Amino acid sequence: MSGGRPPPELPEPHPLTEADEAYDEWAEALPEMRRLRRPAAWLVALRPDDSDTGPPSRGGMRPFSAPDPPWWSRRFLPAALCLVLVAALGVWAGSRWAPGCHPSLTGGRVSVEVVASGECVGYSDSAAQVFNNDPGQEGLRKIQQRIFAQNRAAEEVWQRSDRRRPFLTLVYLGTLTGNRTRADEESYVSEREELEGMATAQYALLKESAGADGAALLRIVVANGGRQMIYADRAVSMLAELASDDPTVLGVVGLVESRTSTARALRELNKVGLPVLAPTLSADRMDANSRLYLQISAPNTDQVEMVDAYAQQVLKVGEAHVYYTTLEGSSLTEDLYVGTLVDGLRQRFGARLTRLDKWSTGERLTDECGYPGLLFYAGRWTEFDGFLRALRECGSNPPRHLVADDSVNRYMANPGLRAAAPGNLPVTYVSKASLATCAALRVAEERRDDARASFLSWIQADDLLDPPRCRPDSGHQVGERVSLAYDAAMMMIRAVESLAARLHHADSRQRWEPTSVNPVAVHAEVLRQNAGQGYRGVAGLIRFTPDSGEPVDKRLALLRVEQVPQVATAPVEVFRCGLADAPDPVPCGPA
């Protein structure tokens, strides 16, 4: 204490356990002790419990000791917790992603996940994610890589133009995984060809003059809906998020097969507000699923009418046998393409249809040996190889007139499968793009058809398709879906360019603002442009009525191959229906 005075006499101590009572007594006695000026008025004395035998502290009081820390503050716990979290994250990531199917760590727009079947579903616009690593599918991977390289080039050109050129993104949605296939068999011919068509449109725009401020630039996002489009709903959900974040996304091209899963995807895309241009879908009334749906190919109703006309005008037969197939796990109800085709044949031929059977791989077809009527294959291309093998039993007495639907194009584009077909059985099949075969394109070039001549020059280029197509010194033909997908993409592109011209009519040097147009406006512009004379596509004139997404009088043809194993020999057009270039109606007839 200051001044050298002794400390005040302490009051009677209380047990430490009675500290509350001691405080109450002190507070009550404090006024009186202050009046008496007691030196210890401000002191409260406490003593340890009798049971506490530890050494006293200085001054006679036992020091307080901190309690043990709680269990959750132990030093080992953060490390253990981190290990648990990392393990849990690994389990979650392993269920969602896999090698060859994961988000991009190097940029680009990538959103993917592994679904229950083990397929990689989602979308990508860069080489960080290329769909399908199965053996034998190098062609599918190469065209994706070409598209992704052109995406980078389009972005660079747009930046160099000071963003004056219209810039749009189209999504290709297809079935890029899930097929059972051999290592030497290309199983995704349709998807590869449709991507080639979109890549050709993208390439053509990149070749425009640097000063062509009104010429659009195209970015392509590749999306996978899984085998038979079963997981298209997941892909569409991801695309909806992309479209909400990126105003350049203006439409979807593809969808490949007419199925109930495809119809569901169309309904979801309609809700999102994204137009769909389908190069090859042809099941009747697919447009009922979306008010923003436009179909490039003729519907099945037109295909049935052409087959009937061919049977009567050329083959001179009235009776028909029809066999149809559906893939394993599918049915006529689920497979809208086969279902509506079979219904149309049944209605069109009526009593002349004397046989209508489902055919499955392994069943014999000896009853059809020597059959003189129309033998029509109304199934998927995947079973056509087995169908031809079954007819091999007929030996020197094959059916006289085998005709197949347009799905068989995918079989005819597969040299490995054709090699095993019987050589004495000619096949006639439906084509949706007979105006865009190599032979037809060369004829168009000679008569100075600029649209088709330009398309021919693009697909012959060294730096686009691998291998280049339709070169005089090679036998590499162009698949029919290439031109159909090219037409679909170019219709959207021309619509955007038209809208941009109207927006920038006062100043062509103005920067392009992606939010100045929206997907619904682009769809409306496509319809406006095609309401009159129609759009002159490489694969034929495309016209729509205001209340339908199905084209009117779209060109269809029948191609014939005399010897199926001879893949180097081009098919010959033998019959046609629909319009080529002029809008005036043309009756069906021999080529």
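Reading guide: rules and limits
Residues numbered from 1 in each chain as written. Predicted model: local features only at pLDDT ≥ 70, side-chain atom pairs only at ≥ 80, totals over all residues. Heavy atoms only, no water. Pairing = 2+ DSSP bridges. Helix = DSSP H or I, 4+ residues; strand = E, 2+ residues; numbered from the N terminus. Axes fitted to C-alpha atoms, helices over the stretch in contact; angles between N-to-C directions. Contact = heavy atoms within 4.5 Å. Phe/Tyr/Trp six-rings, centres within 6.5 Å; stacked < 30°, edge-to-face > 60°. Buried < 20%, exposed > 50% of the residue type's maximum accessible area, 1.4 Å probe, protein only. Core = buried A, V, L, I, M, F, W, Y, C linked by side-chain atoms within 4.5 Å. Polar contact = N/O pair within 3.5 Å; in protein donor to acceptor, adjacent residues only side chain to side chain. Salt bridge = Lys/Arg side-chain N within 4 Å of Asp/Glu carboxyl O. Patch = residues over 30% accessible without salt bridge, like charges linked within 9 Å, V, L, I, M, F, W, Y side chains within 5 Å. Areas by Shrake-Rupley, 256 points an atom, 1.4 Å probe, with all protein chains shown as cover. Lys, Arg positive; Asp, Glu negative; His and termini not counted. Charge placed at Lys NZ, Arg CZ, Asp CG, Glu CD. Parallel < 35°, antiparallel > 145°, perpendicular 65-115°, else oblique. Left-handed = near helix turned anticlockwise from the far one by under 90°. Nonpolar A, V, L, I, M, F, W, Y, C, P; charged D, E, K, R; others polar.

Glancing now at the sheet that holds strand 7 (residues 249–254). The mixed open sheet is built from seven strands, whose spatial order is 3-4-6-5-7-8-9. Strands at the two margins of the open sheet, each flanked by one partner only, are strand 3 (110–114) and strand 9 (293–295). Averaged over all pairs of adjacent strands, the angle between their axes in this sheet comes to 20°, without regard to strand direction. Pairing between strand 3 and strand 4 (residues 120–124): five bridges, direction antiparallel. Along strand 4, the bridge assignment pairs V114 with C120. Packed on one face of the sheet, helix 3 (residues 138–160) meets strand 4, strand 5 (167–174) and strand 6 (217–224) and runs near 145° to strand 6.

A few words now on the packing of aromatic side chains. Considering all chains together, one arrives at 10 aromatic pairs under this definition. Between F384 and Y411 the ring centres are 5.2 Å apart and the planes differ by 80°, which places this aromatic pair in the edge-to-face class. A residue pair is termed long-range when its members are at least 10 positions apart, and F384 in helix 9 (residues 384–391) and Y411 in helix 10 (residues 409–412) qualify at 27 residues. In terms of burial, F384 and Y411 fall into one category: buried. Joined through ring pairs, the aromatic side chains of Y323, W359, Y377, F384, F387 and Y411 make up one cluster.

For the rest of this paragraph, the subject is the nonpolar core. The biggest cluster of nonpolar side chains holds 71 residues, and the ones touching the most others in it are L168, L170, L277, L441, I459, M491 and I493. Here this core takes 14 residues from helix 14 (residues 480–503), the largest share from any one element. Here L277 is in contact with V252, V253, G254, L294, I296, A488, M491 and M492, once residues within four sequence places are set aside.

The next point concerns the side chain of S124. Mapping S124 onto the fold places it in strand 4. The exposure class assigned to S124 is buried, which follows from its relative accessible area of 0%. In this structure the side chain of S124 is engaged in a polar contact, spanning 2.9 Å, whose partner is the backbone oxygen of Q129.

The subject of this paragraph is the pattern of salt bridges. Counted under the stated rule, the structure contains 44 salt bridges. Across the salt bridge formed by R410 and E257, the nearest N and O atoms sit 3.2 Å from each other. Residue R410 is found in helix 10, and its partner E257 is found in the loop between strand 7 and helix 6 (260–272); the two are separated by 153 residues along the sequence. Take R410 and E257: they sit in the same class, and that class is buried. Note that E393 and R364 form a salt bridge whose closest N and O atoms lie 2.7 Å from each other.

With that settled, the discussion passes to the side chain of S431. Looking at the secondary structure, you find S431 in strand 14 (residues 427–431). Only 3.3 Å separates the side chain of S431 from the backbone nitrogen of S434, close enough to count as a polar contact. Every residue in contact with S431, bar those within four places of it in the chain, is listed here: N409, E480, L556, A557 and L559.

Attention now goes to a negative patch on the surface. A contiguous patch of negative charge, built from E18, D20, E21, D24, E25 and E28, is present on the exposed surface. Within the secondary structure, D20 is located in helix 1 (residues 19–35). Residue D20 is classed as exposed on the basis of its relative accessible area, which comes to 60%.

A few words on the packing of helix 4 (residues 189–206) against helix 14. For the pair helix 4 and helix 14, the least separation of the axes is 7 Å and the interaxial angle reads 40°. When the axes of helix 4 and helix 14 are compared, the pair comes out oblique. Every pair of crossing elements has a handedness; the one defined by helix 4 and helix 14 is right-handed. Of the residues in helix 14, those in contact with S190, E193, E194, E196, G197, M198, T200, A201 and L205 of helix 4 are E480, R481, V482, A485, Y486, A489, M490, I493, R494 and E497. Of the residues contributing to the contact of helix 4 with helix 14, the split by class is nine nonpolar, three polar and seven charged.

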